[in-house]
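Examining the three-dimensional arrangement
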Amino acid sequence: MSIEKKTFGVLPDGRAVELYTIQNRGGMILEVIPYGCRMVRLLVPGRNGQLGDVILGHDTLEEYFSDFQGALIGRFANRIGGAAFTIDGQEYPLLQNDGANCLHGGSVGFANVLWEVGSFRDEDDPSITFTYTSPHGESGFPGEVRLQVTYVLAENGSLLLDYQAESDRETPLNLTNHSYFNLSGDPSQNIFNTVLQINADQVTAVTDDLIPTGELLDVTGTHLDFRTPKPIGQDIFCKDHLMQVCGGYDHNYVIHGSGMRKAAEAWEPASGRVMECFTDLPGMQLYTANRMSGEEKGKGGVPMKDHNSFCLETQFYPDSVHHANFPYENLKPGEKFHSQTVYRFSVR
């Protein structure tokens, strides 16, 4: 129902970054910036009707330069093993920013560039559209890719993320949003009591550096089984080797079915907030904000600590470029990539 803007900060090259605020008829408020298409605040009502900010972030632009908080991730979300891939016999080396691997497109990914504001729609379901043209060779990826992402704040309590892309050469493409959620509305609180359900029977097996082996693991009877709702904290400190390596959950779930369907649901008992996640992509990474030192500050100077938030990153499986058995194809010239993810909020 309304869209406002104000200056949020200035990049080192002098370009101003505006903060855009959109609000729907139901009172939900979304604040976004075109630097990495970041969601800075998302205010949704709790059981008592009071609005609460359910995503972590920062108060200043400069603080966003060194992390992925709230950002759109690409060209390839998650990891590419060995920081390289091959197309038609030609190898493309990438930036190594996660040991010997490439994480989230490298150190110069879509989260670290200033997108253009394409359009607004100020109606019952207000929206904002960002566009960006990624040049051939950016971060080592081939092809000029033209991208568009639209955030829609629907009247029914949904936040719709609509992704579109085209390329003039074959290139890997895997887009996601990296918002850190805390449904209590209090970023100082941990997420151990948040009840999570994930509609997945399997996860992708990975090595200690989180690169898939190609095998899919059954979650039945394990700490990874969220098919029946359970608190995130119930098994987060289990003695599983990979959980101890990661410091919590950092797993790609193989979501049931195909097309747009429900991937997960999270419920925070204290606030009553419910967040359902819908996607048309085959996977979703559950990440529980592990290895956070507390030295990084969030909004209002609140320290960002371990397990004070969680991510539900809808995606193609990690390292899909190296696994022909994974449900994935590179984006090719003449094709149009289109995907949607929805986070729908309610109270219980």
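Scroll up to find the structure this text is about.
Okay, so let's go over this structure. (Residues numbered from 1 in each chain as written. Predicted model: local features only at pLDDT ≥ 70, side-chain atom pairs only at ≥ 80, totals over all residues. Heavy atoms only, no water.)

Section: the sheet that holds strand S23 (residues 283–287)
For clarity, the cut-off: DSSP calls a pair of strands paired once it identifies at least 2 bridges connecting them. Secondary structure elements follow DSSP: runs of H or I of four or more residues count as helices, runs of E of two or more count as strands, with numbering from the N terminus. All axes are obtained by fitting lines to C-alpha atoms, using only the stretch in contact for helices, and the reported angles, taken between N-to-C directions, cover 0 to 180 degrees.
Strand order in this open sheet of five strands is S18-S17-S20-S23-S26, and the pairing throughout is antiparallel. Single-partner strands in this sheet number two, and they are strand S18 (212–218) and strand S26 (311–315). Looking at each pair of strands side by side, their axes are set apart by 30° on average, direction ignored. Two strands pair when backbone bridges link them, and strand S20 (residues 250–255) and S23 are joined in this way by five bridges, in the antiparallel orientation.

So, the state of the cysteines
To be explicit about the condition: Any cysteine sulfur atom paired with another within 2.5 Å is treated as part of a disulfide. Relative accessibility under 20% of the residue-type maximum defines a buried residue, over 50% an exposed one, and the middle range a partly exposed one, all with a 1.4 Å probe and only protein chains included.
Here the structure, examined in full by the defined rule, presents zero disulfides. No disulfide involves Cys37; its sulfur sits 17 Å from the nearest other cysteine sulfur, which is in Cys311. According to the relative accessible area criterion, Cys37 is buried, its value standing at 0%. A disulfide-free cysteine, Cys277 has its sulfur positioned 12 Å from the sulfur of Cys311, the nearest such atom. On the basis of relative accessible area, Cys277 is assigned to the buried category, the value being 0%.

Points about the sheet that holds strand S22 (residues 273–279)
Sheet strands pair via backbone hydrogen bonds, and the direction of the pair is either parallel or antiparallel. If you walk across this open sheet you meet the nine strands as S11-S12-S13-S14-S27-S22-S21-S16-S19, and the pairing is antiparallel. A strand with exactly one partner marks an edge of an open sheet, and here the two such strands are strand S11 (116–121) and strand S19 (230–231). Sheet analysis places strand S21 (residues 261–267) next to S22, joined by six bridges and oriented antiparallel. Among the inter-strand pairings, Glu265 is bridged to a residue of S22, identified as Glu276.

Overview of the environment of Lys230
Rules: Residues count as neighbours in contact if any of their non-hydrogen atoms are within 4.5 Å of one another. A 3.5 Å cut-off defines polar contacts: any pair of N or O atoms within that distance qualifies, except that in protein one atom must be a possible hydrogen donor and the other a possible acceptor, and neighbouring residues in sequence count only when both atoms are side-chain atoms.
Counting through the fold element by element, Lys230 comes out in strand S19. Separated by 80 residues in sequence, Lys230 and Thr150 have C-alpha atoms that sit 32 Å apart. When residues no more than four places from it in sequence are discounted, the contact partners of Lys230 are Thr194, Val195, Leu196, Thr222, His223, Asp225, Asp235 and Tyr249. A distance of 3.3 Å separates a polar atom in the side chain of Lys230 from the backbone oxygen of Asp225.

With respect to the nonpolar core
Note the following rule: For our purposes a nonpolar core is just a set of buried Ala, Val, Leu, Ile, Met, Phe, Trp, Tyr and Cys residues, chained together by side-chain atoms within 4.5 Å.
Grouped together as the largest cluster of nonpolar side chains are 70 residues, with contacts concentrated most on Leu42, Trp115, Tyr151, Ile198, Tyr253, Leu312 and Phe345. The element contributing the most residues to this core is strand S13 (residues 145–153), with five residues.

Quick notes on the packing of aromatic side chains
Defined as follows: Between the rings of Phe, Tyr and Trp (Trp by its six-membered ring), a pair exists once the centres lie within 6.5 Å; its type follows the angle of the planes, with under 30 degrees stacked, over 60 edge-to-face, and the other angles tilted. Whether a charge sits over a ring comes down to the Lys NZ or Arg CZ being within 6 Å of the ring centre and within 35 degrees of the ring normal.
All told, the structure shown has 19 aromatic pairs when counted by the stated rule. Ring centres of Phe181 and Phe310 lie 6.1 Å apart, and the angle between their planes is 40°; this geometry places the pair in the tilted category. One end of the pair, Phe181, is in the loop between strand S15 (176–178) and strand S16 (195–198); the other, Phe310, is in the loop between strand S25 (303–305) and S26, and 129 residues separate them in sequence. Here Phe181 matches Phe310 in class, with each residue buried. For the ring pair Phe316 and Phe337, a centre distance of 6.4 Å and an interplane angle of 55° mean the geometry is tilted. In this pair, Phe316 is assigned in the loop between S26 and strand S27 (337–347) and Phe337 in strand S27, connecting sequence segments 21 residues apart. Each residue in the set Phe76, Phe316, Tyr328 and Phe337 is aromatic and connected to the rest through ring pairs, giving one cluster. The ring centre of Phe226 lies 4.5 Å from the NZ or CZ of Lys230, which sits over that ring.

As far as function goes, none of this settles anything; it's purely spatial.
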